[in-house]
Amino acid sequence: GSGDVWNSDIAIDELLIDSGGCVSSPPAVVDITVPAIGTEISILNQSAFTVGGSCSDNGQNVSLSGDVSGTVVCSGGNWSIILDLSSHPDGTITVVADHSDSAGGANGSSTRDFIKDANTLQFDNMETLANWSNVSGDDGDWTLLAGETPSDGVGPDDDQSGNQKYVYTEASNPISASDVFILESNDLAAGTYNIKLDFYWNKRGDNMGDIYLEASTDGGNSWDTAIWSHIGQDIPRFGTDVWNNQVIDACLAGYNSGNVRFRFRAVMPSSGSVWHSDIALDSIKLTVDGCQ
């Protein structure tokens, strides 16, 4: 504005005018992770069915739509809501989670389908052990796994529905001949529900052990004679992987009063190499349409 101006050399270089202005922040991110894919809405959880997952914008809403409605705030990177689905008809229930973006950018969205079945008492697709548990005092634990077992040509190549998990007996060392693996259920009201079991089993190997389904009416203190079993080999090692579907009517077998608990008891072969005895289970469903 005044004085000597010869020191005021101002420079500009490489001026680029480009598109891409008014770019909003990255969209909010939301996911539905609870319950696991394939979970069924059963008699025991239809009035208090928990749905939840992860979210990116703490303090912002996650709104549910589709076949349900509800709103919950994202907190600590997670969200969760309890839904009453008892009035919904049987079949597919679609849940859409929409997550608002704190910076005014695009919202995030995630969709998950669940199945409601009035006959289902509980359904465990073995993404977790859920209503089943390993017990103390046996020789090895049932293990969750996705994909093929470590032993070549032995056990499943995948779960029975594809690309998810199953539970199995890893029979490699230090497992020994006649070792026992036990997988035990929760207690169920046989006096209230006519229980039927529907599950898948897999036995592929050259020196294969046995599997038994047993029941207890005294909280697991004693176990009755097996209500189902499969002895020895089903498919030889390197044979085509086969998941067998098995349906057992526990009500017709006499378990129709009081409480009942079930267990799968796998027994390794009594002699020879036992590492081929990877016995697997998947998609264990208990329904209330027994005694028919």
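Rules used in this analysis
Residues numbered from 1 in each chain as written. Predicted model: local features only at pLDDT ≥ 70, side-chain atom pairs only at ≥ 80, totals over all residues. Heavy atoms only, no water. Pairing = 2+ DSSP bridges. Helix = DSSP H or I, 4+ residues; strand = E, 2+ residues; numbered from the N terminus. Axes fitted to C-alpha atoms, helices over the stretch in contact; angles between N-to-C directions. Salt bridge = Lys/Arg side-chain N within 4 Å of Asp/Glu carboxyl O. Buried < 20%, exposed > 50% of the residue type's maximum accessible area, 1.4 Å probe, protein only. Lys, Arg positive; Asp, Glu negative; His and termini not counted. Polar contact = N/O pair within 3.5 Å; in protein donor to acceptor, adjacent residues only side chain to side chain. Contact = heavy atoms within 4.5 Å. Disulfide = S-S within 2.5 Å. Phe/Tyr/Trp six-rings, centres within 6.5 Å; stacked < 30°, edge-to-face > 60°.

Student: A description of the sheet that holds strand β3 (residues 49-55) should follow, citing residues and the corresponding values.
Tutor: As a general point, the strands of a sheet are linked pairwise by backbone hydrogen bonds and lie either parallel or antiparallel. Read from one edge to the other, the open sheet built from three strands follows the order β1-β3-β6, with strand pairing classed as antiparallel. Each end of this open sheet is capped by a strand with a single partner; those strands are β1 (30-34) and β6 (78-83). Neighbour to neighbour, the strand axes of the sheet diverge by 30 degrees on average, direction disregarded. In this structure, β1 lies alongside β3, joined through four bridges in antiparallel fashion. Paired with Val34 across the bridge in β3 is Gly52.

Student: Residue-level account of the sheet that holds strand β8 (residues 108-116), with values.
Tutor: Read from one edge of the open sheet, five strands run β2-β8-β7-β4-β5, paired in mixed fashion. Edge positions in the sheet fall to β2 (40-41) and β5 (70-73), since each has one partner strand and no second. Relative to β8, β2 is paired through two bridges, and the arrangement is parallel. Note on β8: the bridge partner recorded for Ile41 is Lys116.

Student: Explain the pattern of salt bridges to me, and be specific about the residues and the numbers.
Tutor: Summed over all chains, the structure comprises six salt bridges. Its salt-bridge partner being Arg263, residue Glu214 comes within 2.7 Å of it at the nearest N-O pair. Placement of Glu214 in strand β16 (residues 210-216) and of Arg263 in strand β19 (residues 259-267) is noted, with a sequence separation of 49 residues between them. Note that Glu214 and Arg265 form a salt bridge whose closest N and O atoms lie 2.8 Å from each other. A residue pair is termed long-range when its members are at least 10 positions apart, and Glu214 in strand β16 and Arg265 in strand β19 qualify at 51 residues. Each of Glu184, Asp187 and Arg261 takes part in one network of salt bridges that share partners.

Student: Requested: an account of the side chain of Asp249, with residues and values cited.
Tutor: Within the fold, Asp249 resides in strand β18 (residues 244-249). Lacking a salt bridge, the buried Asp249 has Lys196 as its closest oppositely charged neighbour, with an N-O distance of 4.9 Å. Engagement of the side chain of Asp249 in a polar contact is seen with the backbone nitrogen of Leu252, the distance being 2.9 Å. Here the side chain of Asp249 touches Cys291 through a polar contact of 2.9 Å, landing on its backbone nitrogen. Apart from the residues within four sequence positions on either side, Asp249 is in contact with Ile195, Lys196, Gly290, Cys291 and Gln292.

Student: Tell me about the environment of Ile284, residues and numbers included.
Tutor: Here Ile284 lies in strand β20 (residues 279-287). Classification of Ile284 by relative accessible area gives buried; the value is 0%. For the pair Ile284 and Val135, spaced 149 residues apart in sequence, the C-alpha to C-alpha distance is 18 Å. If near-sequence neighbours (up to four positions away) are discounted, Ile284 is found in contact with Gln122, Phe123, Asp124, Met126, Trp132, Asp198, Phe199 and Phe264.

Student: I'd like a description of the state of the cysteines, backed by residues and values.
Tutor: Evaluated as defined, the whole model comprises two disulfides. One disulfide bridge connects Cys55 with Cys74, the sulfur atoms lying 2.2 Å from each other. A torsion of 95 degrees about the S-S bond marks the disulfide between Cys55 and Cys74 as right-handed. Placement of Cys55 in strand β3 and of Cys74 in the loop between β5 and β6 is noted, with a sequence separation of 19 residues between them. Judged on exposure class, the residue Cys55 and its partner Cys74 are both buried. Here Cys251 connects covalently by a disulfide to Cys291, the sulfurs 1.8 Å from one another. Because the torsion about its S-S bond is -95 degrees, the bridge between Cys251 and Cys291 counts as left-handed. Residue Cys251 is located in the loop between β18 and β19, and its partner Cys291 is located in the segment after β20; the two are separated by 40 residues in the primary sequence. Taking relative accessible area as the criterion, Cys251 reaches 2% and is therefore assigned buried.

Student: Lay out unusual backbone geometry with the relevant residues and their values.
Tutor: In most cases, non-glycine residues show a negative phi, while peptide bonds are predominantly trans. Note the cis peptide between Val34 and Pro35, where omega equals -5 degrees. Following the sequence through the fold, Pro35 ends up in the loop between β1 and β2. Although it is not a glycine, Met126 adopts a positive phi angle of roughly 65 degrees. Its location among the elements puts Met126 in the loop between β9 (120-124) and β10 (132-134). Its identity is not glycine, yet Cys291 carries a phi of approximately 55 degrees, on the positive side. Taking the relative accessible area as the measure of exposure, Cys291 reaches 35% and is therefore partly exposed.

Student: Any chance you could break down the packing of aromatic side chains for me, citing the residues and the numbers?
Tutor: For any pair of aromatic rings, the description consists of the separation of the ring centres together with the inter-plane angle of the planes. Taken as a whole, this structure holds seven aromatic pairs when the rule is applied. Geometrically, the ring pair formed by Phe49 and Phe114 is edge-to-face, given 5.1 Å between the ring centres and 80 degrees between the ring planes. Placement of Phe49 in strand β3 and of Phe114 in strand β8 is noted, with a sequence separation of 65 residues between them. The class for Phe114 is buried, based on a relative accessible area of 1%.

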